[in-house]
Amino acid sequence: MIRLTLLQLQNITESYQAENGEIFALDNISFSMEKGEFLSIVGPSGCGKSTLLSIIAGLLRPTSGAVLLDGKEVAGVEPRIGYMLQKDNLLEWRTIWRNVVFGLELRRQLNSETAARAEGLLRSYGLWEFREKYPSQLSGGMRQRAALIRTLATSPEILLLDEAFSALDYQTRLTVTDDVYRILRQEGITTLMVTHDIPESISMGDRVLILTSRPARVREMMEIDFGPDRTPLTCRGDPRFSRYFDHIWKELKDDDSQK
């Protein structure tokens, strides 16, 4: 099977000036992703994971290095890249339908074709009957699904998830990660997810990128293999899961002890 490289990071370094001098957030980070791949990113708190996502999205220019999408440098906000944050950021005064098409409205892309795609996403993923409800009338899991559909309605090729499930309670989080994983696989979206949750990184990622403490460097790129029929929930019951967990935990603890 032919694998197509979609995203490349080449020697990304990010620094900024502080009162006590220059601070380095990221140091020479390089990796690539294939189309349709799911990459989890873990690392110590404050190591620069969210900064890295902002650079990939084109919201922040790196001090040096380049982000390439299909071989072309990302030089600003890139419409082919979607971004989901911790909070769902649904607008409480708009219905679910009006929330889902909000991104299309901002881009002036709302037309019969894109509206039909948004409707199809709502129908496929169980929210069509709630389209006239308001966010306050939905559960936390349904709100997160609506936020994902809003992002997918703009047809991104790459989705960035920045601690997107951390605001949910544990039981809801397990269900939502299963839902989101299924949706992203069905839509064929290439995904980068930043998380502090090691089990979440393992259960969803095809690979896990382990970063060091600040300035963040690539400590290890770890392959995750649970077979083709995996889901986040089934992965957690696989004997290999604990081995992956122990390895990542050790890498993070070793980094912490070297400070």
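Up top you'll find the structure we're talking about.
Residues numbered from 1 in each chain as written. Predicted model: local features only at pLDDT ≥ 70, side-chain atom pairs only at ≥ 80, totals over all residues. Heavy atoms only, no water.

Asker: Talk me through the packing of aromatic side chains; I want residue IDs and the actual numbers.
Answerer: This model, assessed by the stated rule, comprises 4 aromatic pairs. With 6.3 Å between their ring centres and 40° between their planes, Phe-38 and Tyr-181 make a pair best called tilted. With Phe-38 in strand S3 (residues 38-42) and Tyr-181 in helix H6 (residues 170-187), the pair connects residues that are 143 residues apart, well separated along the chain. Exposure remark for Phe-38: the relative accessible area of 3% places this residue in the buried category. (Phe/Tyr/Trp six-rings, centres within 6.5 Å; stacked < 30°, edge-to-face > 60°. Helix = DSSP H or I, 4+ residues; strand = E, 2+ residues; numbered from the N terminus. Buried < 20%, exposed > 50% of the residue type's maximum accessible area, 1.4 Å probe, protein only.)

Asker: Summarise the nonpolar core; cite the residues concerned and give the values.
Answerer: Counting residues in each nonpolar core, the largest one holds 36 residues, and the members touching the most others are Leu-122, Leu-148, Leu-161, Phe-165 and Leu-184. Those elements that provide at least two residues to this core are helix H2 (96-100), helix H4 (112-124), helix H5 (140-152), strand S7 (158-162) and H6. Beyond its immediate chain neighbours, meaning those up to four positions away, Leu-161 contacts Phe-38, Leu-53, Met-84, Leu-184, Thr-191, Leu-192, Met-193 and Val-194. Leu-39, Leu-160, Leu-211 and Ala-216 belong to the second-largest nonpolar core, a separate cluster that totals 28 residues. (Core = buried A, V, L, I, M, F, W, Y, C linked by side-chain atoms within 4.5 Å. Contact = heavy atoms within 4.5 Å.)

Asker: Explain the pairing of strand S8 (residues 190-194) residue by residue, including any values.
Answerer: With 5 of 5 residues buried, S8 lies mostly within the body of the structure. Where burial is concerned, the two faces of S8 agree: the one with Thr-190, Leu-192 and Val-194 and the one with Thr-191 and Met-193 are both buried. Here S3 pairs with S8 via 4 bridges, running parallel. Among the inter-strand pairings, Ser-40 is bridged to a residue of S8, identified as Met-193. Here S7 pairs with S8 via 5 bridges, running parallel. Residue pairing across strands places Leu-160 opposite Leu-192, the latter belonging to S8. As for the winding sense of the linkage, the β-α-β connection from S7 through H6 to S8 is right-handed. (Pairing = 2+ DSSP bridges. Right-handed = clockwise from strand over helix to strand, strands pointing away.)

Asker: So what's going on with the sheet that holds S8? Which residues, and what values?
Answerer: Backbone hydrogen bonds hold the strands of a sheet together, and the pairing may be parallel or antiparallel. An order of S6-S7-S8-S3-S9-S10 is seen for the 6 strands of this open sheet, with the pairing classed as mixed. Of all strands in the sheet, those bounded by a partner on one side alone are strand S6 (81-84) and strand S10 (218-223). Sheet twist, expressed as the mean angle between neighbouring strand axes with direction ignored, is 15°. (Axes fitted to C-alpha atoms, helices over the stretch in contact; angles between N-to-C directions.)

Asker: Now, about the packing of H5 against H6: what can you tell me, with residues and values included?
Answerer: Here H5 crosses H6 at 20°, and the two axes come no closer than 10 Å. The angle between H5 and H6 places the two elements in the roughly parallel class. Remark: the crossing between H5 and H6 carries right-handed chirality. Where H5 abuts H6, its residues Gly-141, Gln-144, Arg-145, Leu-148 and Leu-152 lie against Thr-172, Val-176, Asp-179, Val-180, Ile-183, Leu-184 and Glu-187. Among the residues making up the contact of H5 with H6, the classes are represented as 6 nonpolar, 3 polar and 3 charged. (Parallel < 35°, antiparallel > 145°, perpendicular 65-115°, else oblique. Left-handed = near helix turned anticlockwise from the far one by under 90°. Nonpolar A, V, L, I, M, F, W, Y, C, P; charged D, E, K, R; others polar.)

Asker: So what's going on with empty space enclosed by the protein? Which residues, and what values?
Answerer: Per the stated rule, a full pass over the model turns up 2 cavities of 30 Å³ or more. Estimated volume of the largest cavity: approximately 70 Å³. If you trace the largest cavity, you find it lined by Ile-55, Gly-58, Leu-60, Arg-61, Pro-62, Gly-65, Ala-66, Val-67, Glu-73, Val-74, Ala-75 and Gly-76. Here the lining of the largest cavity gets 3 residues from one element, more than from any other, and that element is strand S4 (residues 64-69). Its residues assigned to classes, the lining of the largest cavity comprises 7 nonpolar, 3 polar and 2 charged. Computed from the structure, the second largest cavity encloses a volume of approximately 40 Å³. (1 Å grid on protein atoms, 1.4 Å probe; cavity = no way out; pocket = protein on both sides within 12 Å on 5 of 7 lines; lining within 4 Å. Points joined across faces, edges and corners; volume = space filled by probe spheres on them.)

By themselves, these observations are geometric and do not establish any function.
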